[in-house]
Amino acid sequence: MNTKNSIHRRGLLLVLSSPSGAGKTTIAKKLLESEQHLDMSVSVTTRPPRPGEKNGVDYFFVDEPTFQEMLLRDAFLEHAKVFGNSYGTLKEPVFNTLKNGKDIIFDIDWQGTQQLALYARTDLVSIFILPPSVKALEERLNKRGQDTHDVMRTRMDQAANEMSHWAEYDYVIINRDLESSILEVQKILHSERLKRTRQLGLVDFVNTLRQEL
Ligand code: 5GP
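Residues numbered from 1 in each chain as written. Predicted model: local features only at pLDDT ≥ 70, side-chain atom pairs only at ≥ 80, totals over all residues. Heavy atoms only, no water.

Draft legend 1. Main features of the packing of aromatic side chains. Taken as a whole, this structure holds five aromatic pairs when the rule is applied. Of the aromatic side chains, those joined through ring pairs into one cluster are Tyr59, Phe61 and Tyr87. (Phe/Tyr/Trp six-rings, centres within 6.5 Å; stacked < 30°, edge-to-face > 60°.)

So this is what it looks like as C-alpha cells:
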C-alpha cells in the first residue's frame, strides 16, 4: 500500500507583500528558520546594498546594464521598478525549487505579485502584511536606520500606494506582534499544502485504500 509520504505535493509560490517597514522581510526570514521544504527567492536588484546586506543572500546586487541584459535574456519571472530601482525574480532558481518538491517564498511588491499571478495562479498563495498603524510603520523605518531621510520620506509616501493593493491578496495579516504574525503565516502555509489539488497521487492512494477494504 502507498504510504502517506509517497503522495507527491505540488510546490507552491508563497508571496509576502507589504509597505516597507511593515515587517514582511523579518517574517519571511523567521519562517525559513522553522520550515523545512521552503526556500526563499533571492531577487536581483540595482539598489545599492544596505549595511549588513550580503550579495547572493539578501539580493543579487547588479548595475542597470547587467539588469537590462538579464531582462533581454528573459531571465526574469517578473520584474518591476520600485523606488526608482529595478528588481526582478530569476526564473531558474524558482523552477529548480519547485522541481525539487519544495515551496518558495517571495518578498516582492504588488507589481511582481500581479505578474506571478498571470504566470501561476493556481500555485500562488499571496499574503498582504499591514502595519498596525502609521506610527508603527514610521518607528520601524526609523529603527532600521539604513535609509537616508529622503529615502524614508519617499517610502512613507509610497506606503499608501502599496497598501491600496491589499484587496488583490488571498490573505491579509495585521502585524501587531511579530511572533503571532509568523504563526499566522505558518498556519496559512500548512493549510495551503493540504489542499486537495496540491496533493498529487491522492487518486491512486484512495483507490489502493478502497481496494484493500
Ligand atoms: P527593499 O529595497 O526595501 O529591499 O525592497 C523594496 C521593495 O521591493 C519591497 O516592497 C520588496 O518587496 C520589493 N521587491 C524586492 N524584490 C523584488 C522583486 O524581485 N520583484 C518585485 N516586483 N519587487 C521586489
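Draft legend 2. The arrangement of the nonpolar core in detail. Leu14, Leu16, Leu31, Ile105, Ile127, Ile129 and Val185 are the most contacted members of the largest nonpolar core, which has 22 residues in total. Those elements giving two or more residues to this core turn out to be strand S1 (13–17), helix H1 (24–34), strand S8 (124–130), helix H5 (134–144), helix H6 (149–163) and helix H7 (178–193). Sort the elements by how many residues they give to this core and H7 lands first, with four residues. With residues near it in sequence (within four places) discarded, Ile129 still touches Leu16, Ser17, Ser18, Pro19, Ala22, Lys24, Ile27, Ile173 and Asn175. (Core = buried A, V, L, I, M, F, W, Y, C linked by side-chain atoms within 4.5 Å. Buried < 20%, exposed > 50% of the residue type's maximum accessible area, 1.4 Å probe, protein only. Helix = DSSP H or I, 4+ residues; strand = E, 2+ residues; numbered from the N terminus. Contact = heavy atoms within 4.5 Å.)

Draft legend 3. Inspection of the side chain of Ser18 at higher detail. Its location among the elements puts Ser18 in the loop between S1 and H1. Accessibility expressed as a relative area gives 4% for Ser18, which makes it buried. Not counting the four nearest positions on each side in its chain, Ser18 is found in contact with Lys24, Phe128, Ile129 and Glu162.

Draft legend 4. Representation of the site of the ligand in the model. Lining the immediate environment of the ligand, one finds 17 residues, of which Ser43, Arg47, Tyr59, Glu78 and Tyr87 sit closest. A distance of 2.7 Å is found between a nitrogen atom of the ligand and a side-chain nitrogen or oxygen belonging to Glu78. Separating an oxygen atom of the ligand from a side-chain N or O atom of Tyr87 is a distance of 2.5 Å. Relative to its unbound accessible area of 510 Å², the ligand is 95% covered by the protein chains. When residues of the shell around the ligand are traced back to their parent elements, those giving at least two are strand S5 (76–82) and strand S6 (85–90). Taken together, the residues of the shell around the ligand break down into six nonpolar, four polar and seven charged. (Near = heavy atom within 4 Å. Polar contact = N/O pair within 3.5 Å; in protein donor to acceptor, adjacent residues only side chain to side chain. Areas by Shrake-Rupley, 256 points an atom, 1.4 Å probe, with all protein chains shown as cover. Nonpolar A, V, L, I, M, F, W, Y, C, P; charged D, E, K, R; others polar.)

Draft legend 5. Inspection of the sheet that holds S1 at higher detail. Spatially, S2-S7-S1-S8-S9 is the arrangement adopted by the five strands of the open sheet, whose pairing is parallel. Either end of the sheet is taken by a strand with one partner, and the two such strands are strand S2 (38–40) and strand S9 (171–174). Across the sheet, the mean angle from the axis of one strand to that of its neighbour is 25 degrees, orientation sign disregarded. As judged from the four bridges shared by S8 and S9, these two strands associate in the parallel manner. Looking at the pairing, Ile129 lines up with Ile173 of S9. (Pairing = 2+ DSSP bridges. Axes fitted to C-alpha atoms, helices over the stretch in contact; angles between N-to-C directions.)

Draft legend 6. Looking closely at the sheet that holds strand S3 (residues 44–45). Strands sit in the order S4-S3-S6-S5 across an open sheet of four strands; the sheet is mixed. In the strand order of this sheet, the two ends are held by strand S4 (60–61) and S5, each with one partner. Note that S3 and S4 share two bridges and pair parallel. Within S4, the residue paired with Val44 across the bridge is Phe60. Sitting on the sheet, helix H3 (residues 91–99) is in contact with S5 and S6, with an inclination near 30 degrees to S6.

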